[in-house]
Amino acid sequence: MRFLSIFIAGIFTNNILLNYFLGMCPFIAVSGDIKTATSMGTAVTFVMMLTAAINWPINHYILVPAHLEYLQYPVYIAVIAALVQVVEIIIERSSPTLYINLGVFLPLITVNCAIFGLALFMTVWEYNYMESLAYGTGAGIGWLLAIVAMAGIRTKLRFSNVPRALEGPGITVIIAGIMALAFTGLLGIVKT
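Residues numbered from 1 in each chain as written. Predicted model: local features only at pLDDT ≥ 70, side-chain atom pairs only at ≥ 80, totals over all residues. Heavy atoms only, no water.

## With respect to empty space enclosed by the protein
Note the threshold: Both cavities and pockets are sets of points on a 1 Å grid over the protein atoms alone; in a cavity a 1.4 Å probe fits but cannot get out, in a pocket the set is open with protein on both sides within 12 Å along at least five of seven lines, and lining residues sit with an atom within 4 Å of a point. Grid points are joined across faces, edges and corners, and a volume is the space filled by probe spheres set on the points. Under the convention adopted here, Pro, Cys and the residues Ala, Val, Leu, Ile, Met, Phe, Trp and Tyr are nonpolar, Asp, Glu, Lys and Arg are charged, and Gly plus all remaining residues are polar.
A full pass over the atoms with the stated rule returns one cavity of 30 Å³ or more. Approximately 30 Å³ is the volume found for the largest cavity. Looking at the largest cavity, the residues that line it are Phe-12, Thr-13, Asn-15, Leu-18, Asn-19, Ala-180, Phe-183, Thr-184 and Leu-187. Classifying every residue of the lining of the largest cavity gives five nonpolar, four polar and no charged.

Below you can see the structure in the form of structure tokens.
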């Protein structure tokens, strides 16, 4: 049951994007189109799941027993960079148009602080392997949910009368804040 609560909390109450505001750069930049946002969210989810699956054993079976905890940051970043390269190759081969649409933000998943934050949170919160997988999957789905919701809202905003000073990133940040408040309203539903 704990896995389910960690998974649901990763999506809603501990949403890495709307609760901790990690990963805002690609969130704001790529959320203009639903298809592109869905693809970016799927790529981030895939990398988050694999990050949780790979970094936990590396930390617990190599770094901690060898007393090399001080190497966690560079090791986590190296694993994330390798995973992003795999995702980038897959997207480039399977959908060149999507690869072009994601542009520079696809390789920037490597330095997406949401993914690095996931690796650090699962370490600091001392999750076991299954809990780490649940959190990685939930956090990825939560990021996907947030960016797709934002893309849907921004699509509707094209037909709205937004004040000129707020067009683009300004209204996007305001909407992100309102979405964060809505997700914060779910606190207490799931305990982790």
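## What to know about the packing of aromatic side chains
For the record, the criterion: Only the six-membered ring of Trp is used, alongside the rings of Phe and Tyr, when aromatic pairs are assigned; centres must lie within 6.5 Å, and planes under 30 degrees apart are stacked while those over 60 apart are edge-to-face, with the rest tilted. To sort residues, take the accessible area from a 1.4 Å probe on protein chains only and compare it with the maximum for the residue type: under 20% means buried, over 50% means exposed, and anything in between is partly exposed.
Scanning the entire structure with this criterion turns up ten aromatic pairs. Consider the rings of Trp-56 and Tyr-61, whose centres lie 5.8 Å apart with planes at 85°: the pair is edge-to-face. Classification of Trp-56 by relative accessible area gives buried; the value is 12%. Seen from their ring centres, Phe-121 and Trp-125 are 4.8 Å apart, and the 15° between their planes marks the pair as stacked. The partly exposed category is assigned to Trp-125, whose relative accessible area is 30%. A network of ring pairs unites the aromatic residues Tyr-20, Phe-121, Trp-125, Tyr-127 and Tyr-135 as a single cluster.

## Comments concerning the pattern of salt bridges
Heads up, the rule is: Salt bridges are defined as contacts in which a side-chain nitrogen from Lys or Arg sits within 4 Å of a carboxyl oxygen from Asp or Glu. A run of H or I in DSSP becomes a helix once it reaches four residues, and a run of E becomes a strand once it reaches two; helices and strands are each numbered from the N terminus.
In this structure the tally under the stated criterion is one salt bridge. With its nearest N and O atoms 2.7 Å apart, the salt bridge here joins Glu-131 to Arg-2. One end of the pair, Glu-131, is in helix α7 (residues 129–157); the other, Arg-2, is in helix α1 (residues 2–11), with 129 residues separating them in the sequence. Since its relative accessible area comes to 9%, Glu-131 is described here as buried. By relative accessible area, which is 39% here, Arg-2 ends up partly exposed.

## Points about the environment of Ile-153
Among the structural elements, Ile-153 can be located in helix α7. Taking the C-alpha atoms as reference points, Ile-153 and Met-24, separated by 129 residues in sequence, lie 16 Å from one another.

## A short note on the packing of α7 against helix α8 (residues 169–184)
As a reminder of what qualifies: Every angle, taken between N-to-C directions, lies between 0 and 180 degrees, and every axis is a line fitted to C-alpha atoms, over only the stretch in contact when it is a helix. Each angle receives one of four descriptions, namely roughly parallel if under 35 degrees, roughly antiparallel if over 145, roughly perpendicular if within 65 to 115, and oblique otherwise. Left-handed describes a crossing in which the near helix is turned anticlockwise from the far one by less than a right angle; the clockwise case is right-handed. Only heavy atoms matter for contacts: two residues are in contact if any of them lie within 4.5 Å across the pair.
Where α7 meets α8, the axes come as close as 11 Å, and the angle between the chain directions of the two elements is 130°. The orientation of α7 with respect to α8, classified from their angle, is oblique. Remark: the crossing between α7 and α8 carries right-handed chirality. Here Leu-145, Ala-146, Ala-149, Met-150, Ile-153, Arg-154 and Leu-157 of α7 come into contact with α8, specifically with Ile-171, Thr-172, Ile-175, Ala-176, Met-179 and Phe-183. Here the residues of the contact of α7 with α8 are counted per class, giving eleven nonpolar, one polar and one charged.

## A short note on helix α4 (residues 72–94)
Rules: Expected span, for any helix, means 1.5 Å times one less than how many residues it has.
In this model, α4 (23 residues) spans 33 Å end to end at C-alpha, consistent with the 33 Å of a helix rising 1.5 Å per residue. Looking at the buried side of α4, the elements it contacts are α3 (34–63), α5 (96–102) and α6 (113–124).

## Quick word on the confidence of the model for the protein
Put simply, the test is: Per residue, pLDDT captures the predictor's confidence, and it can take any value from 0 to 100.
The predicted model of the protein has a mean per-residue pLDDT of 90, with 98% of residues at 70 or higher. At the low end of the mean pLDDT range in the protein sits α5, at 84; at the high end sits α7, at 95.

## Let's talk about the packing of α3 against α7
Contact geometry for α3 and α7: axes closest at 8 Å, N-to-C directions at 165°. Taken together, the axis directions place α3 and α7 in an arrangement best described as roughly antiparallel. As for how α3 packs across α7, the hand of that crossing is right-handed.

## So, the side chain of Asn-59
Rule in force here: Polar contact criterion, stated in full: a pair of N or O atoms within 3.5 Å, where within protein one must be able to donate a hydrogen and the other to accept it, and residues adjacent in sequence count only if both atoms are side-chain atoms.
Tracing the backbone through its elements, the reader meets Asn-59 in helix α3. At a separation of 2.7 Å, a polar atom in the side chain of Asn-59 contacts the side chain of Gln-72. Leave out the neighbours within four places in its chain, and Asn-59 touches Val-64, Pro-65, Gln-72, Tyr-76 and Thr-123.

## Brief notes about α6
Taking 1.5 Å per residue as the helical rise, α6 with its twelve residues ought to reach 16 Å, and the 16 Å between its terminal C-alpha atoms agrees with that figure. A large share of α6 lies buried, amounting to ten of its twelve residues. Considering only its buried residues, α6 is in contact with α3, α4 and α7. Measuring from the side-chain oxygen of the N-cap residue of α6 to the backbone nitrogen of Ala-114 gives 2.9 Å; that N-cap residue is Asn-112. Within two residues after α6, Glu-126 carries a phi angle of roughly 55°, on the positive side.

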